[in-house]
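# Structural overview
Listed here are the chains, written in short residue letters.
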Amino acid sequence: MAIIVLIEEWFFPKHYCHTRLRIAVIRFRNIERMAPPVLKVSDLAKTFGDVTSVDRISFEIASGEILGLLGANGAGKTTVINMILGIVTPTGGAIDVFGKELIASRIEILRRMNFCSTYTQLPGNLRVWQNLKVFGQIYKVPKLSRRIDEVLEMLEISHLKNRVSGELSAGESTRLNLCKALLNRPELLLLDEPTASLDPDIADKVRKVVNRIRDEEGTTILYTSHNMRDVEEVCDRIAFMHKGNILFTGTSEETLQHFDEESLEDVFIQVARGGNIEMDEKRSNEGGSQA
């Protein structure tokens, strides 16, 4: 990916380099999708007592792809992420990451991954740089001090380096979590509502950072959000969840066509309120659903 960036910047004028670059990146991703998926989820299920949180779902994410996992609160998204992280044990099904079974190779896999959630806080008694140093040492990040400065600058919080983490605002804490998630240059990154507590300006900058690390480093990303602008600007494909099931997987355009709506926000509302669910279940039974 870096080679493509250098070629584009060298040969094409800046006023249309971005367009040429995006074309090259798209072609590169199409080639990458011919390779084995970075993440493969097969018939994944999780029940808590009599409650089915995830109901035998399957999906794949290709190398360098961003898949948006969408759905209302309680749809099962967080449970899916926790199973991919190995925090929650599946009731059934399989998770393969980097071509390896998660259960058999969890530690090896997690070294090549990272995770960020708006709702997970780092130790509040440590300073920003101390938190990043601890996690950097866990991941054995080379040239750690330099890498800490890089991620702080990337998320525009270098000025907070010596602040006590517990004194940060919600938006600052979210960006610190993102810094932590980028420290080890993860090959697979799980982002759980990374812009939920951010103002529109900072949210836009975070989306640009997400696209940048994917384009420059080929990072594969599973992205959850209730912000449809996030989804439109960041995700290559979308998987819509409802009551533990994936109703449909496709691009934004394919999703709008499938649900016969004009915007992703309208699709989200339709799914959250249960609209069109019976039709999708019927299509699935007939083999017509792409879920």
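So, here is what we can say about the structure in this document. (Residues numbered from 1 in each chain as written. Predicted model: local features only at pLDDT ≥ 70, side-chain atom pairs only at ≥ 80, totals over all residues. Heavy atoms only, no water.)

### Comments concerning the nonpolar core
Ranked by size, the top nonpolar core spans 46 residues in total, and within it L132, L155, L182, L191, V210, I221 and Y223 carry the most contacts. Looking at this core, the element that brings in the most residues is helix 8 (residues 200-217), giving 6 residues. L182 has contacts with R147, V151, M154, L155, L189, V209 and I213, leaving out every residue within four places of it along the chain. With 31 residues, the next largest nonpolar core counts I84, L188, L222 and M241 among its residues. (Core = buried A, V, L, I, M, F, W, Y, C linked by side-chain atoms within 4.5 Å. Buried < 20%, exposed > 50% of the residue type's maximum accessible area, 1.4 Å probe, protein only. Helix = DSSP H or I, 4+ residues; strand = E, 2+ residues; numbered from the N terminus. Contact = heavy atoms within 4.5 Å.)

### Some thoughts on empty space enclosed by the protein
In total, this model carries 2 cavities of 30 Å³ or more according to the counting rule given. Looking at the largest cavity, its volume works out to about 50 Å³. Mapped onto the lining of the largest cavity, the elements with two or more residues apiece are helix 7 (170-182) and helix 8. Residues of the lining of the largest cavity, tallied by class, amount to 8 nonpolar, no polar and no charged. Approximately 30 Å³ is the volume found for the second largest cavity. (1 Å grid on protein atoms, 1.4 Å probe; cavity = no way out; pocket = protein on both sides within 12 Å on 5 of 7 lines; lining within 4 Å. Points joined across faces, edges and corners; volume = space filled by probe spheres on them. Nonpolar A, V, L, I, M, F, W, Y, C, P; charged D, E, K, R; others polar.)

### Re a negative patch on the surface
On the surface, D260, E262, E265 and D266 cluster together into a patch of negative charge. Tracing the backbone through its elements, the reader meets D266 in helix 11 (residues 264-272). Taking the relative accessible area as the measure of exposure, D266 reaches 32% and is therefore partly exposed. (Patch = residues over 30% accessible without salt bridge, like charges linked within 9 Å, V, L, I, M, F, W, Y side chains within 5 Å. Areas by Shrake-Rupley, 256 points an atom, 1.4 Å probe, with all protein chains shown as cover. Salt bridge = Lys/Arg side-chain N within 4 Å of Asp/Glu carboxyl O. Lys, Arg positive; Asp, Glu negative; His and termini not counted. Charge placed at Lys NZ, Arg CZ, Asp CG, Glu CD.)

### Quick notes on the sheet that holds strand 3 (residues 66-70)
With mixed pairing, 6 strands are arranged side by side in an open sheet as 6-7-8-3-9-10. In this open sheet, the two edge strands, each paired with only one partner strand, are strand 6 (113-117) and strand 10 (245-250). Direction aside, neighbouring strands of the sheet carry axes that sit 15° apart on average. Summarising the sheet, strand 6 and strand 7 (residues 188-192) pair through 5 bridges and their orientation is parallel. Each bridged residue has a counterpart across the sheet, and for S117 the counterpart in strand 7 is D192. Those strands touched by helix 7 are strand 6 and strand 7, and its axis lies near 175° from that of strand 6. Packed on one face of the sheet, helix 11 meets strand 9 (237-242) and strand 10 and runs near 25° to strand 9. (Pairing = 2+ DSSP bridges. Axes fitted to C-alpha atoms, helices over the stretch in contact; angles between N-to-C directions.)

### What to know about the environment of E254
Relative to the helices and strands, E254 resides in helix 10 (residues 252-259). Within the structure, the side chain of E254 is placed 2.9 Å from the backbone nitrogen of T251, a separation counted as a polar contact. (Polar contact = N/O pair within 3.5 Å; in protein donor to acceptor, adjacent residues only side chain to side chain.)

### A word on the packing of aromatic side chains
Tallied over the entire structure, the rule returns 3 aromatic pairs. Pairing F240 with F259 gives two aromatic rings, centres 6.0 Å apart and planes at 65°, and the pair type is edge-to-face. Residue F240 is located in strand 9, and its partner F259 is located in helix 10; the two are separated by 19 residues in the primary sequence. Assessed through its relative accessible area of 1%, F240 is described here as buried. Between F248 and F259, the ring centres sit 6.2 Å apart and the planes meet at 85°, which makes this aromatic pair edge-to-face. Note that F248 is positioned in strand 10 and F259 in helix 10, a separation of 11 residues in sequence. Across the pair, F259 and F248 agree in class, each one buried. Members of the aromatic cluster, joined through ring pairs, are F240, F248, F259 and F268. (Phe/Tyr/Trp six-rings, centres within 6.5 Å; stacked < 30°, edge-to-face > 60°.)

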